[in-house]
Amino acid sequence: MQPRTLASFTLTLSLLCGTVAAAQTMPPGSSTPGPQAARPQTPATPPRDPNGSPNAQAPKGTGVIRGRVSAADSGNPLRRVQVRLAGANVRMTRASNTDGDGRYEFSELPAGRYNLTVMKSGYVTLQFGQQRPFEPGKPLEIADGQLIERIDFALPRGSVIAGRISDEVGEPVAGVRMQAMRYQYMPDGQRRLINGNTGPMFNLVTDDLGQFRVYGLMPGAYVLSASPMMNGIMSVMPTAAGGVAMTSTGSAGSAPGAFDPNANDGYATTYYPGTANVDEAQPITLGLAQETSVSFSLVSTRLSRISGFVRNSLGRPAQGMMVSLRNASGGGMMSQGIGPVAADGSFNAANVPPGEHFIDVRPMGGPMMARPAGAEAQPTDDEFASIPIVVNGQDITGLIITTGPGATISGQLVFDGISPRPTNLPQPLRVNATPAEQGPGVPSMMFGPMSMDNGVVDDQGRFQLRNVSGRVLFRSGAPGGWNLKAVTLEGVDITDTPFDAKPSAAVKGLEVVLTDRMTTLSGSVKNSRGEAVKDYVLVIFPNNLKEGAVPTRFSRTIRPDQDGNYKISGLPAGDYFAAAVESLDQGGQFDPAFREQLKARAKTFSLTEGQTLTLNLELGQ
């Protein structure tokens, strides 16, 4: 078969406010033919998987995608830009760096749809087909033997918020963590602040002059926060949730030992232009490749001391357990290490700012810990705890935390399909319990300490999940061509209904069913004049979903391929609404007002298991 060449695309980012500097003389955000790109004389870095090793086991084909990345402001080639290729319907992930001429290439690609992303420090991260900030990209469709070249990107510089943080008398404050956040609707329909930086999330701290630079930002409106590091220590570590805990608060007072008696006053997390109340924060609006300077002072507050004791379920001091403090609005990712539990079970925390927090207790070593060879298992090895606490400037003493194990859940993974049990199983194949709630304040892990075999499926399809806690959904990393069909517990369907895992509970009879009878929905969109539309967002959301069910599996936003066609596989059987809109902010599909407005003009459709359906729509419908 002779290779077929697709017309080139040069991608820049369309600015919502202001102007964009692009290398070409075309309108911002256009996808139009660019100059012919010569074949690289020296190949780019060989495709590698996310871990940096060659993706040798990925399926191979005969397709080729190549292109060039340049700076939007100058048109000069950009070297060492990371280009990531991820299969939309092919189990494949590759990564490559551009060469000295800014060129990249992916070869031996099987037919399918792919998502292409380019990223470089200091620049805006872009996806193929992306023309607006925080908009998902388009899939790139490639056929067997097809050559798709000149998939070029003109990367704009990321916007920057720079400035200086000072105390109440104007002195600089070093070591303050800076974060640019933006509001986004979450699956529960609530609008919350999330991290808005496409660059590094951590280590953006003020220097000895109190100066900072938050860079790599998309155009948009941001809420800037300044968080002094509690106790001078801020670490990145997963946190636990749930567990068994009994609490008792004592009267405010001074605690001996590790506390600094002079550390009663400090600074709260402060939002620009200088308020501790996030509702009073003033958004900072950025254009494309814009740098703005802001300076403000931290809000002074009384810091609290927290002290208490940690004991295990046998009533003994939990010596050696690690205690950390996590802000309830921090998304479960950033926590301040308090330190290990002392021999008598005591712990101390100083300089705790006002607010809602969690105190997390878990064994040393973090998650996925393995017991040393030859070490004897102890009854309390798997215990952990996480308790909420409200700090209002008063010291808290005499806090008693009791650790305990989470739930143990055992069950069976079943392959129910037309084909026999697949042989290309992920290694290891694992059943997971994932948080039913999403967004800031939800811990990234719903487990206590785990061994490497937690949730792993054996040759007979059996698995066991240990230390599960909180409201969870059960999922499995299905092999290519297979999808989740159902999750039942003793015959009751809980596929999309959160399961409340109780501490120390032993639960049996969980069945996770995978199927290869997957649905396929495809089609195109026309405008009111009957003309084909190539740039739109298709929104799909459930109709008649049972009460209490989490809608995540049933909700989709889809952008079309380069020919204006959309295709999605794996939607669960059910009743749906579908509508095509010109554009949609990230998370906008979860805005309750938007969904109600869309229902009035959306088209309804139903899918049965394994059904293939063509659904053509009109823009605005």
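Residues numbered from 1 in each chain as written. Predicted model: local features only at pLDDT ≥ 70, side-chain atom pairs only at ≥ 80, totals over all residues. Heavy atoms only, no water.

Comments concerning unusual backbone geometry
Link 1 in the chain: The omega torsion of the bond from Tyr272 to Pro273 falls at 15°, within 30 degrees of zero and hence cis.
Link 2 in the chain: With respect to the secondary-structure elements, Pro273 resides in the loop between strand 19 (270-271) and strand 20 (284-286).
Link 3 in the chain: Look at Glu490: it is not a glycine, yet its phi comes out positive at around 50°.
Link 4 in the chain: Mapped onto the fold, Glu490 is located in the loop between strand 34 (483-489) and strand 35 (492-493).
Link 5 in the chain: Exposure remark for Glu490: the relative accessible area of 66% places this residue in the exposed category. (Helix = DSSP H or I, 4+ residues; strand = E, 2+ residues; numbered from the N terminus. Buried < 20%, exposed > 50% of the residue type's maximum accessible area, 1.4 Å probe, protein only.)

Overview of the environment of Leu303
Link 1 in the chain: Looking at the secondary structure, you find Leu303 in the loop between strand 22 (300-302) and strand 23 (304-311).
Link 2 in the chain: Distance from Leu303 to Ala350, taken between C-alpha atoms, is 7.7 Å for residues 47 residues apart in sequence.

Quick look at the side chain of Thr515
Link 1 in the chain: Inspection of the secondary structure assignment puts Thr515 in strand 37 (residues 506-515).
Link 2 in the chain: By relative accessible area, Thr515 is classed as buried at 4%.
Link 3 in the chain: Here the side chain of Thr515 touches Asp416 through a polar contact of 3.1 Å, landing on its backbone oxygen.
Link 4 in the chain: At a separation of 3.0 Å, a polar atom in the side chain of Thr515 contacts the main-chain amide nitrogen of Arg517.
Link 5 in the chain: Setting aside residues up to four positions removed in sequence, Thr515 forms contacts with Asp416, Gly417, Gly481, Trp482, Asn483, Lys485 and Glu609. (Polar contact = N/O pair within 3.5 Å; in protein donor to acceptor, adjacent residues only side chain to side chain. Contact = heavy atoms within 4.5 Å.)

Quick look at the pattern of salt bridges
Link 1 in the chain: This model, assessed by the stated rule, comprises 23 salt bridges.
Link 2 in the chain: For the salt bridge of Arg113 with Glu141, the shortest nitrogen-to-oxygen distance reads 2.4 Å. Taken together, the positions of Arg113 in strand 7 (residues 112-119) and Glu141 in strand 9 (residues 140-142) put the pair 28 residues apart, joining distant regions of the chain.
Link 3 in the chain: Classification of Arg113 as buried rests on a relative accessible area of 7%.
Link 4 in the chain: On the basis of relative accessibility, which here comes to 29%, the residue Glu141 falls in the partly exposed class.
Link 5 in the chain: Salt-bridge contacts for Glu291 lead to Arg213; the nearest nitrogen and oxygen are separated by 3.0 Å. (Salt bridge = Lys/Arg side-chain N within 4 Å of Asp/Glu carboxyl O.)

Observations concerning the nonpolar core
Link 1 in the chain: Ile65, Leu116 and Leu224 are the most contacted members of the largest nonpolar core, which totals 46 residues.
Link 2 in the chain: Leave out the neighbours within four places in its chain, and Ile65 touches Leu85, Tyr104, Glu105, Phe106, Leu109, Leu116, Leu140, Ile142, Ile148 and Ile151. (Core = buried A, V, L, I, M, F, W, Y, C linked by side-chain atoms within 4.5 Å.)

A word on the sheet that holds strand 12 (residues 159-166)
Link 1 in the chain: Spatial ordering of the open sheet is given by 15-12-21, a layout of three strands whose pairing is mixed. Strand pairing shows two members of the sheet lacking a second neighbour, strand 15 (211-217) and strand 21 (291-297), which therefore form its edges. Going from strand to strand, the sheet's axes swing by 20° on average, the running direction of each strand aside. (Pairing = 2+ DSSP bridges. Axes fitted to C-alpha atoms, helices over the stretch in contact; angles between N-to-C directions.)

Details of the sheet that holds strand 41 (residues 556-558)
Link 1 in the chain: Spatially, four strands are ordered 41-40-43-44 in an open sheet, and the strand pairing comes out antiparallel. On the outer flanks of this sheet lie strand 41 and strand 44 (603-607), each paired with one strand and no other. Across the sheet, the mean angle separating the axes of adjacent strands is 30° when strand polarity is ignored.
Link 2 in the chain: Across five bridges, the pairing between strand 43 (residues 574-581) and strand 44 is antiparallel. Paired with Tyr576 across the two strands is Phe605, which belongs to strand 44.
Link 3 in the chain: Across the sheet, helix 1 (residues 592-599) touches strand 40 (537-543) and strand 43, and the angle it forms with strand 40 is around 90°.

Notes on helix 1
Link 1 in the chain: Along helix 1, the positions that sit buried rather than exposed are Phe594, Arg595 and Leu598. The buried residues of helix 1 occupy an angular sector of 95° when projected down its axis, which confines them to one face. In this structure, helix 1 carries Ala593, Glu596 and Gln597 as exposed residues pointing more than 90 degrees from its buried face.
Link 2 in the chain: The inward-facing, buried residues of helix 1 contact strand 40 and strand 43.
Link 3 in the chain: Regarding helix 1, its N-cap is Asp591, as a side-chain oxygen of that residue lies 3.1 Å from the backbone nitrogen of Ala593 further along. (Arc of directions from axis to C-beta.)

Some remarks on the packing of aromatic side chains
Link 1 in the chain: Within the structure shown, the criterion is met by seven aromatic pairs.
Link 2 in the chain: Judged by centre distance (5.3 Å) and plane angle (15°), the rings of Tyr576 and Phe605 are stacked. Here the residue Tyr576 occupies a position in strand 43, and Phe605 occupies one in strand 44, the gap between them amounting to 29 residues.
Link 3 in the chain: Aromatic rings pair up to connect Phe554, Tyr576 and Phe605 into one cluster.
Link 4 in the chain: A cation sits over an aromatic face here: Arg182 above Phe134, 3.7 Å from the ring centre. (Phe/Tyr/Trp six-rings, centres within 6.5 Å; stacked < 30°, edge-to-face > 60°. Lys NZ or Arg CZ within 6 Å of the ring centre and 35° of its normal.)

Details of the environment of Arg305
Link 1 in the chain: Note on placement: Arg305 falls in strand 23.
Link 2 in the chain: Each C-alpha atom, one on Arg305 and one on Thr397, is 7.7 Å from the other, the two residues being 92 residues apart in sequence.

Things to note about the pairing of strand 26 (residues 346-352)
Link 1 in the chain: Among the seven residues of strand 26, six are classified as buried, and the element is accordingly described as predominantly covered.
Link 2 in the chain: As defined by bridge partners, strand 23 adjoins strand 26 across five bridges and the pair is classed as antiparallel. Bridge pairing in strand 26 places Gly308 opposite Phe347.

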